[in-house]
Protein chains: 2
Amino acid sequence: MPSYSAPTKDMQFILHDVLDLTGSDIPGYDELEPDFTRAILEEAGKISTGVLHPLNVVGDTEGCRLENGVVYTPTGFKAAFEQVKEGGWPGLDMPEEYGGQNMPYVIGTAVGEMFSSANQAFTMYQGLTHGAASAILAHGSDEQKQTYLPKMVSCEWTGTMNLTEPHCGTDLGLMRTKAEPQDDGSYKVTGQKIFISAGDHDLAENIVHLVLAKIPGGPEGIKGVSLFIVPKFIVKEDGSLGERNAVSVGKIEEKMGIHGNSTCVMNYDGAVGYLLGEAHKGMRAMFTMMNEARIGVGMQGLAQAEAAYQNAVIYAKDRLQGRDVTGTKNPDGPADPLIVHPDIRRNLMDQKSFTEGARAFILWGATLIDQAHRGGDAAADGLVSLMTPVIKGFLTDQGYDMTVQAQQVYGGHGYIEEWGMSQYTRDARIAMIYEGANGVQALDLVGRKLAQDGGKHVMAFFDLVKSFCKENSGSDEAYDRDFIEPLKKASKDLQAAGMYFMQNGMKNPNNALSGSYDFMHMFGHVCLGLMWARMAKAARAALAGGATDAAFYETKLMTGRYYMARRLPATALHLTRIESGAETVMGLDATSF
Amino acid sequence: MPSYSAPTKDMQFILHDVLDLTGSDIPGYDELEPDFTRAILEEAGKISTGVLHPLNVVGDTEGCRLENGVVYTPTGFKAAFEQVKEGGWPGLDMPEEYGGQNMPYVIGTAVGEMFSSANQAFTMYQGLTHGAASAILAHGSDEQKQTYLPKMVSCEWTGTMNLTEPHCGTDLGLMRTKAEPQDDGSYKVTGQKIFISAGDHDLAENIVHLVLAKIPGGPEGIKGVSLFIVPKFIVKEDGSLGERNAVSVGKIEEKMGIHGNSTCVMNYDGAVGYLLGEAHKGMRAMFTMMNEARIGVGMQGLAQAEAAYQNAVIYAKDRLQGRDVTGTKNPDGPADPLIVHPDIRRNLMDQKSFTEGARAFILWGATLIDQAHRGGDAAADGLVSLMTPVIKGFLTDQGYDMTVQAQQVYGGHGYIEEWGMSQYTRDARIAMIYEGANGVQALDLVGRKLAQDGGKHVMAFFDLVKSFCKENSGSDEAYDRDFIEPLKKASKDLQAAGMYFMQNGMKNPNNALSGSYDFMHMFGHVCLGLMWARMAKAARAALAGGATDAAFYETKLMTGRYYMARRLPATALHLTRIESGAETVMGLDATSF
């Protein structure tokens, strides 16, 4: 049975030593003193390790079941969901007006990582509700907000997102679900939606489905898509639950992982729906959920990698196998622990340097969201919008790879379900796919975000890296050599790739799009490189200040050096690929495959 | 439901256009005329696609079950196994003396790829028997050969390999299973073995377990390990089956994949065993199986990638989603097929250039084995021994990644078991682990094989690449630029890595071992680069000779150019990592993880 412990200390280091939350002028950050955030993180850690994690394997083994039209979640999920609700966790970063605690998003993100590491399938019920509530918060009428938000903020009611249909996922313009206007201002929604996470279950008394559909007679394609609120039970004027709406579960999908979450085919048969936001502007409203969801999914990539890594470390220390070639480390035992072996070290250092770098990246991104939403900072909004596909695509790809590496440490035991490492891999796999497959993230990045607002966000990113390097170089040779120089080099590779796109994408957009996936990955590496340079700076400052826990900061420096020396140089390979252009990528006739 | 079609044409191209089988002086190769090999491959293709592949999903879904001590395979496996036996496939490359067809190993390898693509879990029953028979062939007494081989060559009896115990996998010196000598010359074998593939089942009337155990009083550690034949039913002098031996199934493991193969915990309780080969030389005897098994496992990496790729291509052509940014390709349809999109192309080209390159690599390796075994060529033996960990480690790592990429083409459908893509990923995962986890392959390569016989095999490899480049450059600018130059560059990177190991491994072996995994991968890339240069040469010759199927050869050239431009340059990244040395890899205290 795998274990999980909350990385509170590492989060505190990032929040305070690196990101200096209380030193920021973002509204609400002045309250985020180290003792305060520690208290929250420790409580979140308790429920994660004590309540959610023990149900992770249970959820995987039992899965959800559909009986007579009703979906049942695995044993223990209902009681755990009650505990999560009682703790007020779902409304942590939601407005007080609707029963939330109005914490900054950065705190919700840190807590979200723990919950997701402990039990991704379980946490999705709450996560989707959060996304749906955010969309209602941003686009709902006052009445809609009053009707739905208090119940959703508390998770008494949960939420879903309904986009995909059997014949369309990425290309939602092909959508067939229709919403016919009724005399009372409501709509009748009819159609089939698939892959609906948390589509039905026994954890809440009502489920608020947000459904994309087309109003007949509206514009063709994606411009004729609107968003609707379709509650499982119609809400009466007094707020109590009325009749069952005409929405039903077609089936529960059998998936590779996240078995504890009910992924449903949902059938809408003239279900009563209410327009959310403007007619035909459904995609805009949906994107409120999508952007948040994408960052949340990027976090899942980190979260599964973290959980898998922790177990790989335990196994590598416990399992005795072979001897250290440079001299026995465990002379009294029959063999040395796996962790003495260089290739096991390489494997673990890949994981460690990724998870810690990714955590800093996600939390930095979360502060930018707070800066944008709470501080009204358009530049921060532009920057995080640019980085959203990177957070989603890079962190889930790498996070998945890390779960595979963690599984590898276990040898044959990694392949046996009993040991739990296979589940991390199987659960992590979905994050590369949902909320826009990673290829679509790359397309969003290169095809849309790079050129957005005249390219000013990507320029701002480069300026930020440049300023950092300038401000922090020249004072220490080792730091310059180990952190600043590699970061400069990687950033230069990234700029060269952007330049290649500009110069060659005009004459043939495929020259840019053929390199989009590589660009997303090199962008991710540069972000993690920047994070490691910032973390190393903070660690050096702490050591210089005589920090009591010197080993913690020394470890940070070594882990950072590993990343800069062994992971970051991947940018050069990505650049080589990008600069090879579209010819060999697009050269074949489709019939030649 | 996924589909599979046998890549007969591609195999024929490799066997004849590239490897020129009949032009070789390896004994038996003169018979391998194109029509002859095509006939075999087409027959193998029929049974693969018609009999084995339809059972692939069945095996995954049903798995094996243990009832009252007896293991039952999934529905249809027994009948299919009969068909495989009737076709004489298990004995294809086994000696005629024992009922085999005495074909070269290269033919068995090509057929093996098809079987494994069609149904890996099923094919393992036969594959393990082949390995066990090879060990008996190499190390058994005449009596043992007569008793077991005819039945094993026909697969009336199957075989297993018993190495791993709960506390030891890689480090077999820790083994506890013991074999006590009896007065009649036999042994009583007692102990527990785990992860025994095909450990028990209902496909054969007897199972010949090859079991590693220690004879009490023998040398300590790995030098005291011997190999024993332990049949499930004792074979009487007349060859008929006698009493049930004291070996039983403890349980069937629940695994991530290959559910159709029964992976058993085997308990030996004083089971009658017969020494195979010399006492205390069990590892040597076992390595006869292991080397063959490692190449077979490398082939599984390719085989799963091939099957997954074929389905990804079908889906990419069928699924309509979005429009080609350079102009609609399907104006009459609601959208263009996925295959028009550059990032889908990148994904598919990664897969295509890998599978075709890997196939050439494996088949080339198989000819070297024939050259060594049939032709008694020590140089070929040394070369293939050097490349065995590369074939195993590189092809299974990359093969797995390709199944993940193929799954990604399907978007959400790739995560749903019904579509079958998850199974390819889950099945492919084991190949990175069994027959020596890939980290152990890297250790074998760098820690043992590089320096073997004074390093002469690796020098021979470099000479081979150098000669190829020299002999084939200067006649065509495009070929030089697209193939020869990238191959030279990659080979130079590999040599530089070897040089780094020599110069720095002496003072600290960790400098070499920290880079072993990267070295294995760069070696693999150079091998595939060499294969592509050879395939491109053959394709150019065919085109110059006025081949009727010009499109086939043009496609080869473009696919090869893709590999050289986009995949092969990974060697530079691996070299950068290797040259960063052991410091950041080994720098942390074990307690800092």
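Residues numbered from 1 in each chain as written. Chains lettered and ligands numbered in written order. Predicted model: local features only at pLDDT ≥ 70, side-chain atom pairs only at ≥ 80, totals over all residues. Heavy atoms only, no water.

Undergrad: How should I be thinking about the UniProt feature "domain: Acyl-CoA oxidase/dehydrogenase middle" (unreviewed entry) in chain A in this particular structure?
TA: Mapped onto the present numbering, the UniProt feature "domain: Acyl-CoA oxidase/dehydrogenase middle" (unreviewed entry) falls at residues 161-269 of chain A. The distance from the first to the last C-alpha atom of residues 161-269 of chain A is 17 Å, and the span holds 0% helix and 49% strand. (UniProt positions renumbered as here; feature names shortened; annotations may be inferred. Helix = DSSP H or I, 4+ residues; strand = E, 2+ residues; numbered from the N terminus.)

Undergrad: Even after reading the chapter, I still don't get empty space enclosed by the protein, so can you show me in this structure?
TA: Vacant regions in the atomic arrangement are exposed by a probe of water-molecule size rolled over the atoms. Residues and elements named next belong to chain B. What the rule picks out here adds up to three cavities of 30 Å³ or more. Counted as a void, the largest cavity has a volume near 40 Å³. Taken together, Pro-90, Met-94, Gln-126, Thr-129, His-130, Ala-133, Met-152, Val-153 and Cys-155 make up the full set of residues lining the largest cavity. Elements represented by at least two residues in the lining of the largest cavity include exactly α6 (120-139) and α7 (142-153). If you tally residues by element for the lining of the largest cavity, the top one is α6, at four residues. Split into classes, the residues belonging to the lining of the largest cavity amount to six nonpolar, three polar and no charged. (1 Å grid on protein atoms, 1.4 Å probe; cavity = no way out; pocket = protein on both sides within 12 Å on 5 of 7 lines; lining within 4 Å. Points joined across faces, edges and corners; volume = space filled by probe spheres on them. Nonpolar A, V, L, I, M, F, W, Y, C, P; charged D, E, K, R; others polar.)

Undergrad: Mind showing me how you'd approach the relation of the copies chain B and chain A here?
TA: Superposing the two chain copies requires a rotation about an axis and a translation along that axis. In the superposition of chain B on chain A (RMSD 0.0 Å, axial shift 0.0 Å), the rotation amounts to 180°. As the rotation angle and translation indicate, the two copies are arranged about a two-fold axis. Every residue of chain B has its C-alpha some distance from the rotation axis, and the shortest such distance is that of B:Leu573, at 3.2 Å. Taken as a fraction of all interface residues of chain B, those also at the interface in chain A reach 100%, which identifies the copy contact as same-surface. (Least-squares fit on C-alpha atoms with pLDDT ≥ 70 in both. Contact = heavy atoms within 4.5 Å.)

Undergrad: It is not clear to me how the pairing of strand β6 (residues 206-214) of chain B should be interpreted in this structure. Could you clarify?
TA: When a strand is regular, its side chains alternate between the sheet's two faces. Residues and elements named next belong to chain B. Counting buried positions over the nine residues of β6 gives nine, a clear majority of the element. Side chains Asn-206, Val-208, Leu-210, Leu-212 and Lys-214 of β6 all project onto a buried face; the interleaved residues Ile-207, His-209, Val-211 and Ala-213 project onto the opposite face, where all are buried too. The pairing of strand β3 (residues 157-162) with β6 spans six bridges and is classified as parallel. The residue of β6 that forms the bridge with Thr-160 is His-209. (Buried < 20%, exposed > 50% of the residue type's maximum accessible area, 1.4 Å probe, protein only. Pairing = 2+ DSSP bridges.)

Undergrad: Help me understand the packing of helix α2 (residues 34-52) of chain A against helix α4 (residues 77-86) of chain A in this model?
TA: All names here are of chain A. Orientation of α2 relative to α4, taken along the N-to-C sense of each, is 170°, at an axis distance of 11 Å. By the angle class used here, α2 and α4 are roughly antiparallel. Each of Ile-47, Val-51 and Leu-52 in α2 lies in contact with α4, whose residues at this interface are Ala-80, Gln-83 and Val-84. Looking at the contact of α2 with α4, its residues break down into five nonpolar, one polar and no charged. (Axes fitted to C-alpha atoms, helices over the stretch in contact; angles between N-to-C directions. Parallel < 35°, antiparallel > 145°, perpendicular 65-115°, else oblique.)

Undergrad: Please explain the packing of aromatic side chains as it appears in this structure.
TA: Between two aromatic rings, the relevant description is the distance of the centres plus the angle of the planes. Residue and element names in this part refer to chain B. Under the counting rule described, the total for this entry stands at 36 aromatic pairs over all chains. Note on Phe-361 and Trp-364: the rings are 6.4 Å apart at their centroids and 35° apart in plane angle, and the pair reads as tilted. Pair noted here: Phe-361 and Trp-364 are both in helix α9 (residues 342-373), with a separation of three residues, about one helical turn. Like Phe-361, the residue Trp-364 is buried in the burial classification. Between Arg-429 and the ring centre of Tyr-400, over which it is positioned, the NZ or CZ distance is 5.7 Å. (Phe/Tyr/Trp six-rings, centres within 6.5 Å; stacked < 30°, edge-to-face > 60°. Lys NZ or Arg CZ within 6 Å of the ring centre and 35° of its normal.)

Undergrad: Help me understand the environment of B:Tyr553 in this model?
TA: Residue and element names in this part refer to chain B. With respect to the helices and strands, Tyr-553 occurs in helix α17 (residues 550-567). It is 57 Å that separates the C-alpha atoms of Tyr-553 and Arg-244, two residues lying 309 residues apart in sequence. With near-sequence residues (within four places) excluded, Tyr-553 lies in contact with Phe-13, Asp-17, Ala-539, Ala-542, Leu-543 and Ala-547. A polar atom in the side chain of Tyr-553 sits 3.1 Å from the side chain of Asp-17. (Polar contact = N/O pair within 3.5 Å; in protein donor to acceptor, adjacent residues only side chain to side chain.)

Undergrad: Before we go on, may I ask you to explain the interface of chain B and chain A in this structure?
TA: Often, the extent of an interface is quoted as the loss of accessible area upon association of its parts. The interface of chain B with chain A comprises 93 residues on the first partner and 93 residues on the second. Summed over the three residues of chain B that lose the most area to chain A, namely B:Tyr415, B:Arg566 and B:Phe593, the buried surface amounts to 12% of that side. Our enumeration of links across chain B and chain A arrives at six salt bridges. At the junction of chain B and chain A, the tally comes to 49 residue pairs in polar contact (both at pLDDT 80 or more). Of all the elements, α17(B) adds the most residues to the side of chain B that touches chain A, at eight residues. Among the residues forming the side of chain B that touches chain A, the class breakdown is 41 nonpolar, 29 polar and 23 charged. (Buried area = accessible area lost by both parts, 1.4 Å probe. Salt bridge = Lys/Arg side-chain N within 4 Å of Asp/Glu carboxyl O.)

Undergrad: I'm lost on the domain arrangement of chain A in this one. Help?
TA: All names here are of chain A. Taken as a whole, chain A is organised into domain 1 (285-443) and domain 2 (457-586). Using only C-alpha atoms to locate each centre, domain 1 and domain 2 end up separated by 18 Å. Domain 1 puts 29 residues into the contact, and the matching count from domain 2 is 26 residues. Interface of domain 1 and domain 2: buried area, both sides summed, is about 2400 Å²; carbon and sulfur atoms make up 74% of it. Sorting the residues of domain 1 by area buried against domain 2 places Ser-353, Trp-364 and Phe-394 first, and these three jointly supply 23% of that buried surface. Summed over the shared surface of domain 1 and domain 2, the number is two salt bridges. The residue Arg-567 makes a salt bridge to Asp-350 at a minimum N-O spacing of 3.3 Å. When contributions to the side of domain 1 that touches domain 2 are tallied by element, the ones reaching two or more residues are α9 (342-373), α10 (378-409) and α12 (438-449). Classifying every residue of the side of domain 1 that touches domain 2 by side-chain character gives 16 nonpolar, eight polar and five charged. (Domains from an automatic or database assignment.)

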